[in-house]
Amino acid sequence: MRQPIIAGNWKMNGSRDSIRELLDGIKAGMAEVNLAEVAVCAPYVYLADVEQQLTGTKLAWGGQNLSTEASGAYTGEISTAMLLDFHCKYVIVGHSERRSYYGEDDALVAKKFAVARDAGLIPILCIGETLEEREKGITEQVVARQTKAVIDAVGIQALGDGVIAYEPVWAIGTGKTATPQQAQDVHASIRNMIAEHDAGVAAKVRIQYGGSMNAANAAELLAMDDIDGGLIGGASLKASDFLTICKAAG
Ligand code: PEP
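Right, let's walk through the structure included here. For clarity, every value in this text was computed on a predicted model and none was experimentally measured.

### Let's talk about the sheet that holds strand β1 (residues 5–9)
In any sheet, the strands associate via hydrogen bonds between backbone groups, in a parallel or an antiparallel arrangement. Read around the closed barrel, the eight strands follow the order β1-β2-β3-β4-β5-β6-β7-β8; overall the barrel is parallel. Averaged over all adjacent pairs, the angle separating strand axes in this sheet is 25°, with direction ignored. Inspection of the sheet shows strand β6 (residues 163–166) paired to strand β7 (residues 206–210) by four bridges, in the parallel sense. Note that in β7 the partner of isoleucine 164 across the bridge is isoleucine 207. Along the sheet face, helix α5 (residues 106–119) touches β4 (90–93) and β5 (122–127) and points at about 165° away from the line of β5. Against the sheet, helix α12 (residues 239–248) engages β1, β2 (37–41) and β8 (229–232), with an angle of about 160° to β1.

Okay, here's the thing in structure tokens:
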């Protein structure tokens, strides 16, 4: 059985005070989360605070992006070694906001996946179609292309070392959620496509849903066979909502 994973993506939100309060709230409710693995992906500057507050708890943490370079003259960038210095376990790669606002293409995302995984971080690979692509009926081709770029770069076994987050772009931060069946259909297509390469990897790899998952809709999404957790933006900023989602995952 795949252990569900709920990860909060705080994006560029929070302050030292608000994060302390948020983590206190999450920690206080974690005793009621039985099954799910829970992680938070924080802005870089708060990783030291997050590490300090979460060390010794069941919660894991991670970054939201990384550089493909190891060190040197790359102003504004953060390396895997820096993330590991703060004991990050996870790092998000290829979030749609990185793809659309910062021009990250499939090749760069695949390289980031490879660099993260080689360093011992667990990449959370975000894939998903735009509204235009869904309306054209090419959702499955888009997520297959995005996944295949990583398989081509790192191999199928290495893909299985990561987590995949299916995030329809039209559902991110919009309050519009894919229906459980819409999400399940795409998750199943991703798993089937991976199974064409390796059935064992397809059976074990965790595929999260992301896109306006919240306290009210999480349970029905997480009940679907191929949905193994959630990548949560807005609803991860309120401890009670985030905990409701974590509990809905088991
Ligand atoms: C995300 O940023 O990955 C996300 C899913 O955001 P939201 O939950 O706010 O749609």
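Having put the structure on the table, let's press on.
### Some words on α5
Along its 14 residues, α5 runs 20 Å from first to last C-alpha, staying within 8% of the 20 Å computed at 1.5 Å per residue. Within the sequence span of α5, burial applies to Asp106, Val109, Ala110, Lys112, Phe113, Ala114, Val115 and Ala116. Contacts from the buried residues of α5 go to α3 (80–85), β4, α4 (96–101), β5, α7 (139–154) and α8 (156–159). After α5 finishes, the residue glycine 120 shows a positive phi value of roughly 100°.

Rules and cut-offs
- Residues numbered from 1 in each chain as written.
- Predicted model: local features only at pLDDT ≥ 70, side-chain atom pairs only at ≥ 80, totals over all residues.
- Heavy atoms only, no water.
- Pairing = 2+ DSSP bridges.
- Helix = DSSP H or I, 4+ residues; strand = E, 2+ residues; numbered from the N terminus.
- Axes fitted to C-alpha atoms, helices over the stretch in contact; angles between N-to-C directions.
- Contact = heavy atoms within 4.5 Å.
- Expected span 1.5 Å × (residues − 1).
- Buried < 20%, exposed > 50% of the residue type's maximum accessible area, 1.4 Å probe, protein only.

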